[in-house]
Structure formats: C-alpha cells, structure tokens
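Residues per chain, in single letters:
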Amino acid sequence: MGRWLAAGLVAICLGSACGERLAASGSTATPSPAALPAASATAISATAVPATIVPDATATATPVVTPLPTPSPTVSPAPPSALTLAQLKYRVIDRFGRLWYCDPDFFPVARLDEGALADQRFPEIAKDAETFAAILTHLGYAASASYTADQRLAIYREWKMLGALRLDPLGTAYHFTARFTPDGNSGSLIDATIDPAGRITVASQIASGRPPCPICLARGTPIATPSGPVAVEDLRAGMAVWTADATGARVAGTVVAIGSMTAPADHEVVHLVLSDGRELRASPAHPLADGRRFGDLAAGDTVDGASVVAAERIGYASGTTFDLLPSGPTGTYWAGGVPLASTLRR
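This structure is a prediction, so every number in the text was calculated from the model and none was measured.

S.K.: Hey, could you run me through the overall build of the chain in this one?
M.R.: Tallying secondary structure elements over the chain gives four helices and 17 strands in all. Buried residues in the chain amount to 49% of all 346 residues.

S.K.: It is not clear to me how the pattern of salt bridges should be interpreted in this structure. Could you clarify?
M.R.: Should the charged atoms of two oppositely charged side chains come close, the side chains can pair. Taken as a whole, this structure holds 11 salt bridges when the rule is applied. For R166, the salt bridge identified is with D168, shortest N-O distance 2.8 Å. Assessed through its relative accessible area of 17%, D168 is described here as buried. Among the charged side chains, a network of salt bridges with common partners joins E114, R157 and K160.

S.K.: Can you help me understand the sheet that holds strand β13 (residues 302-303) in this one?
M.R.: In a beta sheet, neighbouring strands are held together by backbone hydrogen bonds and run either parallel or antiparallel to one another. Read across the sheet, four strands follow the order β12-β11-β14-β13 without closing on themselves; strand pairing throughout is antiparallel. Strands with a single pairing partner mark the edges of an open sheet, and in this sheet they are β12 (279-282) and β13. Where β13 meets strand β14 (residues 306-315), two bridges bridge the pair, whose relative direction is antiparallel. In the sheet register, T302 faces β14, and the bridge partner there is S307.

S.K.: Help me out: how do you make sense of the pairing of strand β9 (residues 240-244) in this one?
M.R.: Where a strand is regular, its side chains alternate between the two sheet faces. Note that β9 and strand β10 (residues 250-262) share five bridges and pair antiparallel. By the bridge assignment for β10, T243 is matched with V251.

S.K.: I would appreciate a short explanation of helix α3 (residues 129-139) in the present structure.
M.R.: Each α-helix winds once per 3.6 residues, and so residues spaced three or four apart point in a common direction. Every buried residue of α3 is listed here: T131, F132, A134, I135 and L136. In this structure, the buried side of α3 is in contact with α1 (85-96), α2 (114-127) and α4 (149-164). Two residues or fewer past α3, G140 is found with a positive phi of approximately 75 degrees.

S.K.: Please explain the packing of aromatic side chains as it appears in this structure.
M.R.: Here a ring pair, both rings aromatic, is described through the centre-centre distance and the interplanar angle of the planes. Counting across every chain of the model gives seven aromatic pairs. Ring-pair connections join several aromatic residues into one group, and the members of that group are F96, F176 and F180. The ring centre of W334 lies 4.1 Å from the NZ or CZ of R250, which sits over that ring.

S.K.: Whenever I open this one, the packing of α1 against α4 confuses me. Can you help?
M.R.: For any two helices packed against each other, one specifies the crossing angle of their axes together with the interaxial distance. Where α1 meets α4, the axes come as close as 10 Å, and the angle between the chain directions of the two elements is 90 degrees. Here α1 is positioned roughly perpendicular relative to α4, judged by the angle of their axes. Taking contact as the criterion, the partners of A86, K89, Y90 and I93 in α1 are, on α4, E158, M161 and L162. Grouping the constituent residues of the contact of α1 with α4 by class yields five nonpolar, no polar and two charged.

S.K.: Teacher, can you tell me more about the nonpolar core here?
M.R.: The nonpolar side chains of soluble globular proteins are, as a tendency, buried together. Counting residues in each nonpolar core, the largest one holds 35 residues, and the members touching the most others are V92, I155, F176, F180 and I194. Contributions of two or more residues to this core are made by α1, α2, α3, α4, β4 (173-181) and β5 (187-194). Apart from residues no more than four positions distant in its own chain, F180 is found in contact with V92, F96, G97, R98, L99, W100, L165, S186, G187, S188 and I190. Grouped together as the second largest cluster of nonpolar side chains are 25 residues, V232, V255, F322 and A335 included.

S.K.: Would you take a moment to explain the environment of D191 for this structure?
M.R.: Along the polypeptide, D191 turns up in strand β5. One polar contact links D191 to T177, side chain to side chain, over a distance of 2.9 Å.

S.K.: When you look at the environment of G228 in this model, what are you seeing that I'm missing?
M.R.: Along the chain, the position of G228 falls in the loop between β7 (222-223) and β8 (230-231). Note: C-alpha distance between G228 and V241 (13 residues apart in sequence) is 9.1 Å.

S.K.: Mind showing me how you'd approach the side chain of R98 here?
M.R.: Relative to the assigned elements, R98 resides in strand β2 (residues 98-99). Taking relative accessible area as the criterion, R98 reaches 12% and is therefore assigned buried. Separated by 2.8 Å, the side chains of R98 and E158 make a polar contact.

S.K.: What should I look at first to understand α1 in this one?
M.R.: Taking 1.5 Å per residue, 12 residues should reach 16 Å; α1 reaches 17 Å between its end C-alpha atoms and fits that length. L85, A86, L88, K89, Y90, V92, I93 and F96 are the residues of α1 that are buried. Along its buried surface, α1 packs onto β2, α3, α4, β4, β5 and β6 (200-208).

Reading the values: the criteria
- Residues numbered from 1 in each chain as written.
- Predicted model: local features only at pLDDT ≥ 70, side-chain atom pairs only at ≥ 80, totals over all residues.
- Heavy atoms only, no water.
- Helix = DSSP H or I, 4+ residues; strand = E, 2+ residues; numbered from the N terminus.
- Buried < 20%, exposed > 50% of the residue type's maximum accessible area, 1.4 Å probe, protein only.
- Salt bridge = Lys/Arg side-chain N within 4 Å of Asp/Glu carboxyl O.
- Pairing = 2+ DSSP bridges.
- Contact = heavy atoms within 4.5 Å.
- Phe/Tyr/Trp six-rings, centres within 6.5 Å; stacked < 30°, edge-to-face > 60°.
- Lys NZ or Arg CZ within 6 Å of the ring centre and 35° of its normal.
- Axes fitted to C-alpha atoms, helices over the stretch in contact; angles between N-to-C directions.
- Parallel < 35°, antiparallel > 145°, perpendicular 65-115°, else oblique.
- Nonpolar A, V, L, I, M, F, W, Y, C, P; charged D, E, K, R; others polar.
- Core = buried A, V, L, I, M, F, W, Y, C linked by side-chain atoms within 4.5 Å.
- Polar contact = N/O pair within 3.5 Å; in protein donor to acceptor, adjacent residues only side chain to side chain.
- Expected span 1.5 Å × (residues − 1).

Function cannot be read off these values alone, since they describe shape.
In structure tokens form, the structure reads like this:
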C-alpha cells in the first residue's frame, strides 16, 4: 500500500472485507506527511502463528505451494556491528509483536497441509544459513542433523513471517511499514526505521484491525452503472451504480465505499465463463449475490440463470484487486453482468 496510510483504517473481518485502502464519504483521516520518513511504504504482510488468519472455507488441496520469500536488500556498507537481516526482523517483532498478514498458505484459498509444505520447503529454508540460525535461536532449538515434524513446522512458520516482513534500505537504516499484533485480536500499523545495530525509530503507530486479504475483483472488471459500465478501479465514493433493493429489483444507488488490496505474487483468480457469454475474473473467496463463492463453482453449475461453462483458476499479475459497496439494504451490484455481493459489507 502507499506510504500515506489512513489513520482511520476500517477493521475488515475475514471473509467479509478486502480493501487495503478503504474509502467512504467523510470517513478518512490522513497522517501528516511530516510524521513519515521519505521512503515509500512496503506492502503489508503477516504470519499464520500465533496471529493466524484462516478463511472459513474448508481447505482445498492444489498443486500450488508457498513461494520462496525474497530477501530484503542490505544497506551498504554495513558497519562491523551490524546484525543480520533476520536478526533485525526479530528485533522488530520482539518490540511490536508478531507480523500480521494474510498467510499465503491460506489465502486466497487454503492449499495443502501446512505440515506437508513445511517438509517440502525445509531444504530451501536450511540453505539460508543466516536466517536459519536466527530462527533456531529465536525458537530455542539446538542445531541438529534432523528435526521433528513439530519443529519443522515451527521453523517454517517463522520463515514465512520473516520473508513477509520487508526491510527497505533508507540511507544508513532500513524502513518498514507493517501491521503487528501481540495477541492475534488487536494490533498496530507501524511506520518506522531500524538501523543495522537494531535501534528502532518510530515515525507513526496507529491502532489497526486485521489485515485485509485479497478476496476481490480483477482490475478492469466492468461494473454496471446507470451511465454504462465503469471499470471497478475507476469507481469513486458517491458515483451512481446499479444495486438491488430488498425485493431483488435493480435500482440506482451510490457507491458508499471502495477498497483495493495489493495481491501477493502468487495470487490466483477464478475465470468464470457462463453459457450466455458473460465472463468475469474474481478471487476465489469473493461471494456471488446468492452467497456462493467463486472458488466453489464448477462446470455445470447455474449462476443467474446461465450454466457455468468454465471456472478455472488462473494466475493474477495485475497487482491489485478491487471491490465496492453500494448503498441500500443488499450490498449487491453487477460485475460483468453477474450479480455479486460486496466483501466490504459488514
């Protein structure tokens, strides 16, 4: 997300919200630019344990596995007393709590058994000697030729968390912007820097709810409005949009909230194709107007009076997903001609 973070972030419940940036009429407040460092903010991520964020759906096995985290670049030259990047990240975590993010093993859809993924990734984790040593120290494990299944899982969870916490070089220090939680229920959005010796300087710290997870629409999705289709990323609060009233009839409403979420590099969307020619791309957890999720659809199912020809998961390389909330009692709108429910409706 961008550096100028909204102080009035809306707490978005799992499975019912998706905006990293949430806008509603007269509802936002922006921190003063003077309070923030000059570097741009990094994308927000977090870990599964103990700050687990797990979707309601039953886990679905797929051949996709968690990508290898990309290490943060180092500040150059590093002073002799510099800590490793993994040690610096643990300094941050020890100060603010566990990193709070959408675990890639559970979002956008739950995948294989986490223990199996831990076993599969373990040789790669062990090859990163500095990170592996920091994890062992943090967990209190002695170096060994072999580790138990529980130990491998614990190490894997730490590795995911460290890989998700981005430290970006900023002069002679590193800059980070991320959510942290001490208990998995409440947290803070922190904008700060840490120098190579582990000294942390906080620019801003605001209360934050759970991180938003990518369960929204693909860029370019046409949304039905009284003046014709408008791409979802071009909608703004106050614009007219078609919605459904309590009887299900189509009526004109207004956009009361918009949201967007930076999707992870391995994010997938469902490419839905209907027998009458309608098609749409949306994240697997996004709900139809009848409550079903895109990820649950299969060929032969019926959607809005048409048969599903295909519901194929495909990679999403457009970076950001989007959603909107129309006025009225239902939160329903039409995307690509298909009636959907909003994930921003609480």
